[in-house]
Amino acid sequence: MAVEAYTFQLSACRELMESHPESLVIRQQVEALEDAMPDKPGIAVSFCLTLIETTSKTILVDRGQAPDGAWEAPKLIAETTKFLHLGIHGDGHTDPTLKNGAEKLLRGVNSIIDGVMEIRNAHGAAAHGSDAYAPMLDARYAEILARATDAVVGLLFKTHLNGSGKAPLARLRYGDHNDFDEWIDNDFGPFEVLETPLVASEALFRTDNNAYRTALVAFKQEQDGAREQQEEQPDGGEAEV
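Thresholds, definitions, all that
Residues numbered from 1 in each chain as written. Predicted model: local features only at pLDDT ≥ 70, side-chain atom pairs only at ≥ 80, totals over all residues. Heavy atoms only, no water. Helix = DSSP H or I, 4+ residues; strand = E, 2+ residues; numbered from the N terminus. Buried < 20%, exposed > 50% of the residue type's maximum accessible area, 1.4 Å probe, protein only. Contact = heavy atoms within 4.5 Å. Arc of directions from axis to C-beta. Axes fitted to C-alpha atoms, helices over the stretch in contact; angles between N-to-C directions. Parallel < 35°, antiparallel > 145°, perpendicular 65-115°, else oblique. Phe/Tyr/Trp six-rings, centres within 6.5 Å; stacked < 30°, edge-to-face > 60°. Lys NZ or Arg CZ within 6 Å of the ring centre and 35° of its normal. Polar contact = N/O pair within 3.5 Å; in protein donor to acceptor, adjacent residues only side chain to side chain.

**Student:** What is the right way to look at the overall build of the chain in this model?
**Tutor:** A count of helices and strands for the chain gives nine helices and two strands. Across the 241 residues that make up the chain, the buried fraction comes to 33%. Considering only residue pairs separated by 6 or more positions, the chain has 63% of its internal contacts joining residues 24 or more positions apart.

Pasting the structure below:
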């Protein structure tokens, strides 16, 4: 009976990679970590910390911030969480209980980061001057760290994307605002050029990003205005003339 090949994938990290398809840095880190399991646990552990740092820096730049190159993982996480909108439901209102629970989860992230850094410094491929005959890290611990890293990346990045629906990010990605894209596509197109179908919203995003952003801001402002007007209107009543 043939033995099935060992495959190791990080679901949240792959979502991050798919959200930034042009980023060879993220792709290289995710694939290197996955490929290192289970035979190269030291390399896997080293990339765990690198991925967390890359995720934090990506979120900060998306939010229009310039992370300091000297910041290490704990500082990066602390700065990143300042820009995450915790406890927000899909309709935009904040749930205090959910917000409190999410904040506790983020405090737990700091403990995970500390653990990743400690094991990485002792057993990672980039560890500081390890003894050539030091025992290798057990692959089981490397997998635990990799799964924990995937959970941290998922929590940070999904919370970041959830909060991006209210206002365009400093760095836009096509697909972040599906309601806006659908609004464009319903009014324009579909088009075909040399037998190649073109989607109106994507064509605008790729050819004139500033025009796309300007229209997106206006669309969001109109949505917010309609929502505020609806909230001010008494339940079941009509707006006063």
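**Student:** Just checking my understanding: could you explain helix H7 (residues 178–187) for this structure?
**Tutor:** Each turn of an α-helix holds 3.6 residues, which means side chains three or four residues apart point in the same direction. Three or more residues of H7 are buried, namely Phe-180, Asp-181 and Ile-184. The arc that holds the buried residues of H7, viewed along the axis, is 100°, so those residues lie on one side.

**Student:** Whenever I open this one, the packing of H7 against helix H8 (residues 200–207) confuses me. Can you help?
**Tutor:** Pairs of packed helices are described in terms of their axes, by the angle between the two and the distance that separates them. Close contact between H7 and H8 brings their axes to 7 Å; oriented N to C, the two are set at 110°. Regarding the angle of H7 to H8, the classification is roughly perpendicular. Between H7 and H8, the contacting residues are Asp-181, Ile-184 and Asp-185 on the first element and Ala-200, Ser-201 and Leu-204 on the second.

**Student:** What exactly am I supposed to notice about the packing of aromatic side chains here?
**Tutor:** The geometry of an aromatic ring pair is captured by two quantities: the separation of the ring centres and the angle between the planes. All told, the structure shown has five aromatic pairs when counted by the stated rule. Note on Phe-180 and Tyr-212: the rings are 5.2 Å apart at their centroids and 80° apart in plane angle, and the pair reads as edge-to-face. Of the two residues, Phe-180 is situated in helix H7 and Tyr-212 in helix H9 (residues 209–232); the sequence distance between them amounts to 32 residues. The same class applies to Phe-180 and to Tyr-212, which are both buried. Aromatic pair Trp-183 and Phe-219: ring centres 5.4 Å apart, planes at 35°, arrangement tilted. In this pair, Trp-183 sits in helix H7 while Phe-219 sits in helix H9, placing the two residues 36 residues apart along the sequence. The class for Trp-183 is partly exposed, based on a relative accessible area of 44%. Judged by its relative accessible area of 12%, Phe-219 falls in the buried class. The structure contains a cluster of three or more aromatic residues connected by ring pairs, namely Phe-180, Trp-183, Phe-205, Tyr-212 and Phe-219. Directly above the ring of Trp-71 sits Lys-75, whose terminal nitrogen or CZ lies 5.4 Å from the centroid.

**Student:** Teacher, can you tell me more about the side chain of Thr-58 here?
**Tutor:** Secondary-structure assignment places Thr-58 in helix H3 (residues 41–62). One polar contact links the side chain of Thr-58 to the main-chain carbonyl oxygen of Thr-54, over a distance of 2.7 Å.

**Student:** Honestly, unusual backbone geometry in this entry has me stumped. Any pointers?
**Tutor:** Negative phi values dominate among residues other than glycine, just as trans dominates among peptide bonds. Here the amide bond leading from Met-37 into Pro-38 is cis, since omega sits at 0°, within 30 degrees of zero. Turning to its location among the elements, Pro-38 is positioned in the loop between helix H2 (24–36) and H3. In this structure, Leu-194 takes a positive phi of about 50° despite not being glycine. Within the element layout of this structure, Leu-194 appears in the loop between strand S1 (191–193) and strand S2 (196–198). Given a relative accessible area of 80%, Leu-194 falls into the exposed group.

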